[in-house]
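Structure assessment
Letter by letter, the chains look like this.
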Amino acid sequence: MATGGSSVPLESGEREIHEDSGEEDVEGWADWEADADDGEQEDAEDCICLFCDEIFTSAASVFAHCQAKHSFDFLKFRREQRLGFYDCLRLINYIRSQVADRVSPEVLIEDLKAVRASAKLECTEDDQLRGSPWSGDKYLTPYLPNDPLLYSFDDSEDEDIDDLDAAVKMTTTFEGKRGQMENSDTSNGSSAAELSESLRELMLTTDPEITAHATAILAEEISKGAEFRVEDEADDDIGDRVLWETPPETSGSSTAEDDGTSGTQGGGQLKKKKTYKVTFASVAEKEKLNINRSYFGSYSGFGIHREMLGDKVRTETYQAALMENPSLIKDAVVMDIGCGTGILSLFAAKAGASKVISVDGSEKMTAVATQVARANGLLDENISNEERTGRTGAITVVAGMIEELNSSMPVPERSVDVLVSEWMGYCLLFESMLGSVLYARDKWLKPGGAMLPDTATMYVAGFGKGGTSLSFWEDVYGFDMSTVGEEVLHDATKHPIIDVIAAKDVITDTCLLKEFDLLSMKHDDVDYTADFNVKLPPKGEHETGAVVPAEDDRLSKPVWCYGLVVWFDTGFTSRFCKEKPVNLSTSPHLPKTHWAQTLLTFREPVALGQEETMLEGNRSDRDEVGTEKLPAYKIGGRISIARSYRYRSIDISLETSAFGAGGAVKSWPVQMFDI
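What this report covers is the structure whose coordinates are included nearby. (Residues numbered from 1 in each chain as written. Predicted model: local features only at pLDDT ≥ 70, side-chain atom pairs only at ≥ 80, totals over all residues. Heavy atoms only, no water.)

For the chain, the helix and strand inventory stands at 23 helices and 24 strands. The long-range fraction of contacts in the chain, counting pairs at least 24 apart against all pairs at least 6 apart in sequence, stands at 71%. (Helix = DSSP H or I, 4+ residues; strand = E, 2+ residues; numbered from the N terminus. Contact = heavy atoms within 4.5 Å.)

Pasting the structure below:
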């Protein structure tokens, strides 16, 4: 299951390997602590306003000034536009460049407000970002040298919490007429301190992106003058602490509500105070739901489902696993997570499952799945029809996230025999749906129950020039447009390419990157670092097993490796599929799938030669390793894949080294990608 995603380049660093020792220069924890201590002793750097020349000592002060003086609320704009860290970098540099070009603050702010207004139209987040004037990567380059605002606007959780603490201590209470406010810094000091500790603890267990958005929302509401209090009950859950309440409504002549609560003000009476509680946990949850709404909305159209159903490799593999393993499916309780149109549920019901619970986060698709199951006589009408016309099938379709299933249709824990899901995204882990599958496993799967698929494996290999678009641009209707090709190739070094690569363009052997056992893996196992090593196949052999003709260029001269191609397999192994174990592969050496492959392009291509030839040579200059003069015999390094601070995205880092004759090694700075 995969949809398109935008990529944003991340920071790059450098990993140096000494020529003699082969050791890495890696700072220890003590070095980081020492650096932090030194930093605390330095004076705070001046932060310049985005729109004028006024100078402040912190990013928070700059943003407060921008809101008060220029009527531009940076935090609110960031939240409404759903801007991530690097989008904010672009925005700050864009504003500074426009101000330097003598665009008046008033005009610039009006333009930004127009962008904010357009965000309310029905378009995707990617469309919004592509259409924004600061979307170009040129705005990742600081406009002001050493601009402190760029590395302090989003410093750390602790600073965000401190800012919120300050906002909380400045909350106001409303007594009497609306607008008569008094500073509650002293009276609410203990409550603010209690809130501070509560927030610190809560933030440790809350998604960082959600925390940032929720904090901004709460600070904004508090700044409006809402009354603040914290529940004092000892058994009160941290996530349910009241952070703010709406102020009481007043009127000079109205009568009190029926409960008798009233007060006097200038001869009149006060209306009953209406209290609306807002908690940190509820705001964080609402923001997470907003992100999920966008994600599930992308699966509400039929185009993506047509693509997935038309992927014969994908669909026929699941069909075989569900319909050709009767000892597993017959009379079993099956749960289908992310059912979409319900095709996997239909396979399970047709194979004889006693009950199929089909869950999807898109209300539109659950309605479709219900109609499809009914049309094929496989819907459980006793559950899905209040008229209870009699049981005609096994499928029950439920709308909502799997984590909220019990609120829609309670399912006894440890009552499911088989969990099935097509959860895989680009590069296997994009979309972060695996977490939902593991949640269902831990809550509902019986001891000894089955998961389909039950294994996942990631692989990597090197690709050649044919895996790039260079050849196309070198001859466009007889014209040389190679300069365009070079620009495209440069962009690919910062953004992973999702595309199908031909088997002939995979020039190295295959390296196993990571194996997952879905039955036993933990949620955090999706974040990992793995070593890789790839080299040319032995003379006369190709990765597919075919014999390479003797006249093939790769046997007589260096072969250029332009990057790494990553793919995955998922296994429906004999552990559960006794009669018919099957494997779903997205390998470039096999028929293509809608997942394609993920291409990570090197900053510069690496020349490769046969290993035995390189080992026979003398020790070479490491700076020349990987060149046509001194080809490398192996490319190695590390790949790290981790869940991004952008919800449902992943970050990929690539450390690359070329190994030459005599033990010489050339290393390149780390590359960062995200999907």
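Let us keep going from here.
Throughout the structure, instances matching the rule amount to 13 aromatic pairs. Judged by centre distance (6.0 Å) and plane angle (75°), the ring pair of Y439 and W444 falls under edge-to-face. On the basis of relative accessibility, which here comes to 0%, the residue W444 falls in the buried class. Between F568 and W595 the ring centres are 5.6 Å apart and the planes differ by 75°, which places this aromatic pair in the edge-to-face class. Of the two residues, F568 is situated in strand β18 (residues 559-572) and W595 in the loop between β19 (582-585) and β20 (597-608); the sequence distance between them amounts to 27 residues. Ring-pair connections join several aromatic residues into one group, and the members of that group are F51, F72, F77, Y94, W134 and Y139. Here K443 stacks its cationic end above the ring of W444, 5.8 Å away from the centre of that ring. Directly above the ring of F659 sits K634, whose terminal nitrogen or CZ lies 4.5 Å from the centroid. (Phe/Tyr/Trp six-rings, centres within 6.5 Å; stacked < 30°, edge-to-face > 60°. Buried < 20%, exposed > 50% of the residue type's maximum accessible area, 1.4 Å probe, protein only. Lys NZ or Arg CZ within 6 Å of the ring centre and 35° of its normal.)

A few words now on a nonpolar patch on the surface. A contiguous nonpolar surface patch, about 540 Å² in accessible area, is contributed by Y477, F479, M481, V484 and V488. Its place among the elements puts V488 in helix α21 (residues 482-492). Residue V488 is classed as partly exposed on the basis of its relative accessible area of 35%. (Patch = residues over 30% accessible without salt bridge, like charges linked within 9 Å, V, L, I, M, F, W, Y side chains within 5 Å. Areas by Shrake-Rupley, 256 points an atom, 1.4 Å probe, with all protein chains shown as cover. Salt bridge = Lys/Arg side-chain N within 4 Å of Asp/Glu carboxyl O.)

Another point: the nonpolar core. Counting residues in hydrophobic clusters, the biggest one holds 98 residues, and the most contacted among them are M335 and M458. Among residues more than four places away in sequence, those in contact with M335 are I357, I402, L405, V416, V418, L419, V420, A440 and W444. (Core = buried A, V, L, I, M, F, W, Y, C linked by side-chain atoms within 4.5 Å.)

With that settled, consider helix α16 (residues 363-375). Look at α16: 18 Å from first C-alpha to last across 13 residues, which is about the 18 Å you get at 1.5 Å a residue. Burial in α16 covers these residues: M365, T366, V368, A369, T370 and A373. At the C-terminal side of α16, G377 shows a positive phi close to 70°. (Expected span 1.5 Å × (residues − 1).)

Along the chain, N93 falls in helix α4 (residues 85-100). Setting aside residues no more than four positions away along its own chain, N93 makes contact with Y139, L140, T141, P142, Y143 and L150.

Their axes nearest at 9 Å, the elements helix α13 (residues 312-323) and helix α15 (residues 343-350) cross at an angle of 25°. When the axis of α13 is compared with that of α15, the two are roughly parallel. Here α13 and α15 pass one another in a crossing that is right-handed. For the pair α13 and α15, contact is made by T315, Y318, Q319, L322 and M323 and by I343, L344, F347, A348 and K350, respectively. Residue classes in the contact of α13 with α15 are distributed as seven nonpolar, two polar and one charged. (Axes fitted to C-alpha atoms, helices over the stretch in contact; angles between N-to-C directions. Parallel < 35°, antiparallel > 145°, perpendicular 65-115°, else oblique. Left-handed = near helix turned anticlockwise from the far one by under 90°. Nonpolar A, V, L, I, M, F, W, Y, C, P; charged D, E, K, R; others polar.)

Judged by pairing direction, the sheet is parallel, and its five strands sit side by side in the order β11-β10-β9-β12-β13 without closing on themselves. Edge positions in the sheet fall to β11 (395-399) and β13 (445-452), since each of these pairs with one other strand and no more. Between one strand axis and the next, the sheet turns by 20° as a mean value, whatever way the strands run. Across the sheet, α15 is in contact with β9 (333-337), β10 (355-360), β11 and β12 (416-421); its angle to β10 comes to roughly 180°. (Pairing = 2+ DSSP bridges.)

Attention now goes to unusual backbone geometry. Omega for the peptide link from L452 to P453 comes to -5°, which places this bond in the cis form. Considering the arrangement of structural elements, one finds P453 in the loop between β13 and β14 (455-463). Positive phi values are uncommon outside glycine, yet D331 reaches one of about 65°. By secondary structure assignment, the location of D331 is in the loop between α14 (326-329) and β9. Among the residues examined, D331 registers a relative accessible area of 54% and is labelled exposed. In this structure, A596 takes a positive phi of about 55° despite not being glycine. Following the sequence through the fold, A596 ends up in the loop between β19 and β20.

Here we come to the packing of helix α3 (residues 74-81) against α4. Running from N to C, α3 and α4 cross one another at 130°; their axes reach a closest spacing of 11 Å. Considered as vectors, α3 and α4 are oriented oblique to each other. Judged by the twist between their axes, the crossing of α3 over α4 is right-handed. Judged by residue contacts, F74, F77 and R78 of α3 engage F85, C88, L91 and I92 from α4. Taken together, the residues of the contact of α3 with α4 sort by class into six nonpolar, no polar and one charged.

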